[in-house]
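Residue-level structure breakdown
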Amino acid sequence: MRRHIAILSGVLALGFAIAMLGQSDVAKSAAVRLQLNEVQAGSMASEQYCTVVFADHHFHSEKASRSHGKDTDRKVYEGQLSEADWNALGGIIDSDGFRALSVPQTVPPLVIQDAHTVTISVARGARFQNMEFLDNKSRKPYDSQLKPLLQWWKSFRGERPAESKAAPDARCALDNSNAVVSF
């Protein structure tokens, strides 16, 4: 009996040590400054774009084609933001109007007409300013503050560097916990 308790204690201690090691690896990596995710639903397939910008000016970006809830193609791009891109982005997300955005969280309906989901998370010290829009109509009241960021992102995506061999980032994985139907 003592042997079983000792083995169980050892396994639990090892698990705890591995969990703590994983947390320290995350802490050592550059902090996330901004995360953008967009899903453009189509009748047969959807396109997903995800970009994570880190405080050290590097980025991780993904473009995926999805059908029936699974990737049919996913490309990963990584690199360093130019000083001009970094400054433009900072000017947008640090503006008073953007900082003041407070988008109430909503429960997604079971059916979304003209789904075009955009999620935005901006680091604000130890917290994040999170926004989720399920369609173009839900973004309309915030258009004047969001438009500069979405235009910057569209331009940034158009200047994509060569494809990277890096693995997809878990932060870009879509959450399938909500059963949402779009048409």
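An account of the accompanying structure is given in this report. Residue positions within a chain follow its written sequence, with the count starting from 1. Side-chain atom pairs in this predicted model are given and counted only at pLDDT of 80 or more, local residue features only at pLDDT of at least 70, and totals for whole chains, interfaces and linings cover all residues. With hydrogens and water excluded, all non-hydrogen atoms of the structure serve as input to the side-chain values.

**Focus on the packing of aromatic side chains**
How we decide: Each pair of aromatic rings taken from Phe, Tyr and Trp, with Trp reduced to its six-membered ring, is defined by centres within 6.5 Å and is described as stacked if the planes are under 30 degrees apart, edge-to-face if over 60, and tilted in the remaining cases. Accessibility here uses a 1.4 Å probe with only protein chains present; expressed as a share of the type maximum, an area under 20% marks a residue as buried, one over 50% as exposed, and anything in between as partly exposed. The helix count covers DSSP runs of H or I at least four residues long, the strand count covers runs of E at least two residues long, and both are numbered beginning at the N terminus. Criterion for a charge above a ring: Arg CZ or Lys NZ at most 6 Å from the ring centre, at most 35 degrees from the ring normal.
With the rule as written, the count across this model stands at three aromatic pairs. Consider the rings of Phe133 and Tyr142, whose centres lie 5.6 Å apart with planes at 55°: the pair is tilted. Tyr142 carries the same exposure label as Phe133, and that label is buried. Arranged with centres 5.2 Å apart and planes meeting at 5°, the rings of Trp152 and Phe156 form a pair that is stacked. A residue pair is termed a helical-turn pair when its members lie 3 or 4 positions apart in one helix, as Trp152 and Phe156 do in helix H5 (residues 143-158) at four residues. Phe156 carries the same exposure label as Trp152, and that label is buried. An aromatic cluster is present here, built from Phe59, Trp152 and Phe156 joined pairwise through their rings. Across from the ring centre of Tyr49, 3.9 Å away, lies the NZ or CZ of Arg157, which sits over that ring.

**Thoughts on the state of the cysteines**
Stated precisely, the cut-off is as follows: The disulfide criterion is simple: two cysteine sulfur atoms within 2.5 Å.
Tallied over the entire structure, the rule returns one disulfide. Each disulfide pairs two cysteine sulfurs, and for Cys50 the partner residue is Cys172, the sulfurs being separated by 2.1 Å. Between Cys50 and Cys172, the disulfide has an S-S torsion of -75° and is therefore left-handed. With Cys50 in strand E2 (residues 46-54) and Cys172 in the loop between H5 and strand E8 (181-182), this residue pair connects regions lying 122 residues apart in the sequence.

**Here we look at the side chain of Asp169**
Keep this limit in mind: By the criterion applied in these results, polar contacts are pairs of N or O atoms within 3.5 Å in which, for protein atoms, one can donate a hydrogen and the other can accept it, and in which residues neighboring in sequence qualify only through two side-chain atoms.
Assignment of secondary structure puts Asp169 in the loop between H5 and E8. For Asp169, the side chain forms a polar contact with the main-chain nitrogen of Arg171, separated by 2.8 Å.

**Some points on the packing of helix H2 (residues 83-93) against H5**
For clarity, the threshold we go by: Note on geometry: axes are C-alpha line fits, over the in-contact stretch for helices, and angles between N-to-C directions span 0 to 180 degrees. The scheme is simple: roughly parallel for angles under 35 degrees, roughly antiparallel for over 145, roughly perpendicular for 65 to 115, oblique for anything else. By convention the crossing between two helices is left-handed if the near helix lies anticlockwise of the far one by an angle smaller than a right angle, and right-handed if it lies clockwise. Contacts are assigned to residue pairs with any non-hydrogen atoms lying within 4.5 Å of each other.
Relative to each other, H2 and H5 sit at 160°, their axes nearing to 9 Å. With respect to H5, the element H2 is oriented roughly antiparallel. Read as a crossing pair, H2 and H5 show a hand that is left-handed. Contacts between H2 and H5 involve Asp85, Ala88, Leu89, Ile92 and Ile93 from the former and Pro148, Leu149, Trp152 and Phe156 from the latter.

**Comments concerning the pattern of salt bridges**
Formally: Here, a salt bridge means any Lys or Arg side-chain nitrogen found within 4 Å of an Asp or Glu carboxyl oxygen.
Using the criterion set out here, one finds nine salt bridges in the structure. A salt bridge links Arg33 to Asp94; the nearest nitrogen and oxygen atoms lie 2.6 Å apart. One end of the pair, Arg33, is in strand E1 (residues 32-41); the other, Asp94, is in the loop between H2 and helix H3 (96-99), and 61 residues separate them in sequence. The partly exposed category is assigned to Asp94, whose relative accessible area is 32%.

**Let's talk about the nonpolar core**
Put simply, the rule reads: To form a nonpolar core, buried Ala, Val, Leu, Ile, Met, Phe, Trp, Tyr and Cys residues must be joined to one another through side-chain atoms within 4.5 Å.
Residues Phe98, Ile120 and Leu149 are the most contacted members of the largest nonpolar core, which totals 24 residues. At the level of elements, E1, E2, H2, strand E6 (115-124), strand E7 (127-135) and H5 are the ones that each hand at least two residues to this core. With five residues, H5 is the largest single contributor of residues to this core. With residues near it in sequence (within four places) discarded, Ile120 still touches Leu34, Gln35, Leu36, Phe98, Gln129, Asn130, Met131, Phe133, Leu146 and Leu149. Among the nonpolar cores identified, the runner-up in size contains five residues, and Val32, Cys50, Val52 and Phe54 belong to it.

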